[in-house]
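Analysis of the macromolecular model
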Amino acid sequence: TRDPTDRKYAKSHEWLKFEDGVATVGITHHAQGALGDIVFVDLPEVGKELQAGNPAAAVESVKAASDIYSPIDGEVVGVNDTLSDSPDTLNLEPHDEGWMFKVKVSDPTQVDALLSPEDYEKLLAENA
């Protein structure tokens, strides 16, 4: 499996790693592959309140511009500023150095409702 097993996944191809009440969010390997070479990243501002399923960030690739959705409700407590200078990090390291933003989670039960790595792999297989 290409997707790490220590996190949850959204049907819109974001991943979430939940630790100590804070979720780190990024896009999956599948998402970066579908987007192609990413040339610009627009991150949310620290302090912004996000709602699950609503756009939180955006990326532009050589193919298209695409919204990145928040998988959970909460307040942005950090963003990955290195993506502004090196947006291709999302292509090269989508699950590690390419994390996008951190959210102080309002409702931890929302994390449980996201897809397990196995269910996300099934989703990819069904849509292949």
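Above: the structure in question.
Residues numbered from 1 in each chain as written. Predicted model: local features only at pLDDT ≥ 70, side-chain atom pairs only at ≥ 80, totals over all residues. Heavy atoms only, no water.

What follows deals with the sheet that holds strand β4 (residues 38-42). With respect to topology, 3 strands assemble into an open sheet ordered β4-β6-β7, the strand pairing being antiparallel. Lying at the two open borders of the sheet, with one neighbouring strand each, are β4 and β7 (65-69). Between one strand axis and the next, the sheet turns through 25° on average, direction left out of account. (Pairing = 2+ DSSP bridges. Helix = DSSP H or I, 4+ residues; strand = E, 2+ residues; numbered from the N terminus. Axes fitted to C-alpha atoms, helices over the stretch in contact; angles between N-to-C directions.)

Let us now look at unusual backbone geometry. With phi around 75°, histidine 13 is a residue other than glycine that occupies positive phi space. Note on placement: histidine 13 falls in the loop between β1 (8-9) and β2 (14-19). With phi around 55°, aspartate 20 is a residue other than glycine that occupies positive phi space. Summarising the element assignment, aspartate 20 is placed in the loop between β2 and β3 (22-27). Its relative accessible area of 82% is what places aspartate 20 among the exposed residues. (Buried < 20%, exposed > 50% of the residue type's maximum accessible area, 1.4 Å probe, protein only.)

Let us look at helix α5 (residues 117-127). Residues of α5 that are buried: Pro117, Tyr120, Leu123 and Leu124. All buried residues of α5 project into a common sector of 115° when viewed along the axis, lining one side. Counted as exposed and oriented over 90 degrees from the buried face of α5: Lys122, Ala125 and Glu126. Close packing links the buried residues of α5 with β1 and α1 (29-35). (Arc of directions from axis to C-beta. Contact = heavy atoms within 4.5 Å.)

Residues Phe101, Val103 and Val105 point to one face of strand β9 (residues 101-105) and are all buried, whereas Lys102 and Lys104, pointing to the other face, are not buried. Relative to β9, β3 is paired through 4 bridges, and the arrangement is antiparallel. By the bridge assignment for β9, alanine 23 is matched with valine 103. Here strand β8 (residues 74-79) runs beside β9; their pairing, made up of 5 bridges, is antiparallel.

So, on to the nonpolar core. Formed by 26 residues in total, the largest nonpolar core has its most connected members in Ile27, Val41, Val59, Leu90, Met100 and Phe101. Breaking this core down by element, the ones donating at least two residues are β3, α1, β4, β6 (55-61), β8 and β9. The residues contacting leucine 90, other than those within four sequence positions of it, are Ile27, Gln32, Ile38, Val41, Val59, Leu83, Gly98 and Met100. (Core = buried A, V, L, I, M, F, W, Y, C linked by side-chain atoms within 4.5 Å.)

A few words now on the pattern of salt bridges. What the rule picks out here adds up to 3 salt bridges. Residue aspartate 6 pairs with lysine 17 through a salt bridge whose shortest N-O separation is 3.1 Å. With aspartate 6 in the segment before β1 and lysine 17 in strand β2, this residue pair connects regions lying 11 residues apart in the sequence. Between lysine 122 and aspartate 119 there is a salt bridge, and its shortest N-O distance comes to 3.7 Å. (Salt bridge = Lys/Arg side-chain N within 4 Å of Asp/Glu carboxyl O.)

So, about a nonpolar patch on the surface. Taken together, the side chains of Val39, Phe40 and Val62 define a hydrophobic patch exposed on the protein surface, amounting to about 290 Å² of accessible area. With respect to the helices, strands and loops of the structure, phenylalanine 40 is situated in strand β4. (Patch = residues over 30% accessible without salt bridge, like charges linked within 9 Å, V, L, I, M, F, W, Y side chains within 5 Å. Areas by Shrake-Rupley, 256 points an atom, 1.4 Å probe, with all protein chains shown as cover.)

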